[in-house]
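Okay, here's what each chain looks like letter by letter:
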Amino acid sequence: MQAFRAPWWLPGGHAQTIWAAKLARHAPAPGPAPRWRRERWTTPDADFIEVDFLDTPAPAGTPLLVLFHGLEGSSASHYAQAFARWAAAAGWRMAVPHFRGCSGPLNLAPRAYHSGDFEEIGWILGRLRLQSPGPVQAVGISLGGNALLRWAQEAGDSAAAVASAVAAVCSPVDLAASGQAIGRGFNRQVYTRMFLQTMKPKALAKLAQHPGLFNREALLAASDLYQFDNLFTAPLHGFRDTADYWARASAKPHLARIRIPALVLNALNDPFVPAASLPRPGEVGRHVQLWQPPHGGHVGFPQGRFPAHVHTLPQAVAGWLAQHR
């Protein structure tokens, strides 16, 4: 994966990001879509989340792959589908926990989810560990990867009793740098608009649940993630403002605290995770491995003949995890 090269006909990070999400196949060859079995779990604060389990037979004791999705993602996201196809072919079990409000129904509490939600990650992984006789390994995509790294950092030595290894894919480990990048130019017109199209309605539904939670007119006027986080994400989750949220939730400053094998994979041409913001080898501890290929985009990594497939990503990441069972 370090030397990954996208097809010649998909030049640049934007093309590799958008094509992979919208048009590429989830596997090298056609096959049945993954089937999921859904469970609803009550959270410690009397809210709920929903977890999708890959509905394929697997012997007891086989590894469990836990995938934490990205911003506004779900088990239907292209990367979740690709990892599920890999898991089914490899005989692994797989679970996709949905962050609050991302599985369809609106959650109940006056909160949602955020990039540093390590306590939620820890609770989910702990519950999955208790019901899993085999190894538990976790991969986080984008936002989910940053939150997963923050869990490993906060858990320290105790993380090994829960998960044997973790991987973060295209994660904005420096949230301020990524927040600024996604708020400019093409990124602002395309990706920011796409995210806000679903985030604003969810926030307004949350306001209807809990009147007075935030200023409705100000949220409607928010035109980038900085403004949205300032009005909604930060205050609802105990942060002073966006600057405080992005600083305290970022995984990059604490990578040396991780005590289990951790892979941090970022393409250098990711449209909204700037290469200059990525960690360098001297900034991480001995448990962290950095993969920073020149191509791939944001959770893209398309490969193969037209129309390309995105199987290379789960194959490489899960292959790395399998070495650390």
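Residues numbered from 1 in each chain as written. Predicted model: local features only at pLDDT ≥ 70, side-chain atom pairs only at ≥ 80, totals over all residues. Heavy atoms only, no water.

K.L.:
Help me understand the packing of helix H2 (residues 78-90) against helix H10 (residues 312-322) in this model?
P.N.:
The geometry of a pair of packed helices is captured by two quantities: the angle between their axes and the separation between those axes. Relative orientation of the contacting elements H2 and H10 amounts to 60°, with a least axis distance of 8 Å. If you check the angle between H2 and H10, you find them oblique. Relative to H10, H2 is oriented so that their crossing is right-handed. Contacts from Ala82, Phe83 and Trp86 in H2 reach Leu313, Pro314, Gln315, Val317 and Ala318 in H10. (Axes fitted to C-alpha atoms, helices over the stretch in contact; angles between N-to-C directions. Helix = DSSP H or I, 4+ residues; strand = E, 2+ residues; numbered from the N terminus. Parallel < 35°, antiparallel > 145°, perpendicular 65-115°, else oblique. Left-handed = near helix turned anticlockwise from the far one by under 90°. Contact = heavy atoms within 4.5 Å.)

K.L.:
Looking at this structure, how should I read helix H9 (residues 242-249)?
P.N.:
What sets the pattern is the α-helix's 3.6 residues per turn: residues three or four places apart point alike. Along H9, the residues classified as buried are Thr242, Asp244, Tyr245, Trp246 and Ala249. Taking the backbone nitrogen of Ala243 as reference, a side-chain oxygen 3.3 Å away marks Asp241 as the first, capping residue of H9. (Buried < 20%, exposed > 50% of the residue type's maximum accessible area, 1.4 Å probe, protein only. Polar contact = N/O pair within 3.5 Å; in protein donor to acceptor, adjacent residues only side chain to side chain.)

K.L.:
Mind showing me how you'd approach helix H8 (residues 225-236) here?
P.N.:
Of all the positions in H8, only Leu225, Phe228, Asp229, Phe232, Thr233, Ala234 and Leu236 are classed as buried. The secondary structure elements touched by the buried residues of H8 are helix H5 (175-182), helix H6 (185-209), helix H7 (216-221) and H9. Looking at where H8 begins, the residue whose side-chain oxygen comes 3.2 Å from the main-chain nitrogen of Tyr226 is Asp224. Directly beyond the C-terminal end of H8, a positive phi value near 85° is found at Gly238.

K.L.:
Is there a simple way to think about the packing of aromatic side chains in this case?
P.N.:
The description of an aromatic ring pair rests on the distance of the ring centres and on the angle between the ring planes. Evaluation of the coordinates by the stated rule reveals 14 aromatic pairs. Ring centres of Phe186 and Tyr191 lie 6.2 Å apart, and the angle between their planes is 80°; this geometry places the pair in the edge-to-face category. On the accessibility criterion, Phe186 (43% relative accessible area) is partly exposed. Joined through ring pairs, the aromatic side chains of Trp9, Trp19 and Phe306 make up one cluster. In this structure, Arg40 is placed above the aromatic ring of Phe48, and the distance from its NZ or CZ to the ring centre is 3.9 Å. Across the ring face of Trp41, the terminal group of Arg127 is positioned such that the distance to the ring centre comes to 4.1 Å. (Phe/Tyr/Trp six-rings, centres within 6.5 Å; stacked < 30°, edge-to-face > 60°. Lys NZ or Arg CZ within 6 Å of the ring centre and 35° of its normal.)

K.L.:
Got a minute to help me understand the nonpolar core in this structure?
P.N.:
Soluble globular proteins tend to bury their nonpolar side chains together. Grouped together as the largest cluster of nonpolar side chains are 55 residues, with contacts concentrated most on Phe68, Leu125, Leu149 and Trp151. Per-element tally for this core: the top contributor is helix H4 (residues 143-155), with seven residues. Ignoring anything within four residues of it in the chain, the contact list for Leu149 reads Ala168, Val173, Ala251, Leu255, Ile258, Ala262 and Val264. Core analysis: the second largest hydrophobic core is formed by 32 residues, Phe83, Ala87, Val139 and Trp320 among them. (Core = buried A, V, L, I, M, F, W, Y, C linked by side-chain atoms within 4.5 Å.)

K.L.:
In this structure, what is going on with the pairing of strand E6 (residues 165-169)? I would like to understand it.
P.N.:
Among the five residues of E6, five are classified as buried, and the element is accordingly described as predominantly covered. Side chains Ala165, Ala167 and Val169 project from E6 onto one buried face, and the interleaved Val166 and Ala168 project onto a second face that is buried too. Relative to E6, strand E5 (residues 136-141) runs parallel, the two being bridged by five bridges. Counterpart to Ala138 in the pairing with E6 is Val166. In this region the chain leaves E5, passes through H4 and returns to the parallel neighbour E6; the handedness of that crossover is right-handed. (Pairing = 2+ DSSP bridges. Right-handed = clockwise from strand over helix to strand, strands pointing away.)

K.L.:
Could you clarify how one ought to interpret the sheet that holds E6 in this entry?
P.N.:
Pairing between the strands of a sheet is mediated by backbone hydrogen bonds and can be parallel or antiparallel. Judged by pairing direction, the sheet is mixed, and its eight strands sit side by side in the order E1-E2-E4-E3-E5-E6-E7-E8 without closing on themselves. Of all the strands in the sheet, just strand E1 (36-42) and strand E8 (288-291) have a single pairing partner and so form its edges. Neighbour to neighbour, the strand axes of the sheet diverge by 20° on average, direction disregarded. Alignment of strand E2 (residues 48-54) against strand E4 (residues 93-97), held across three bridges, turns out to be antiparallel. Within E4, the position partnered with Phe53 by the bridge is Ala95. Against the sheet, H4 touches strand E3 (64-68), E5, E6 and strand E7 (262-265), its axis set at about 135° to E5.

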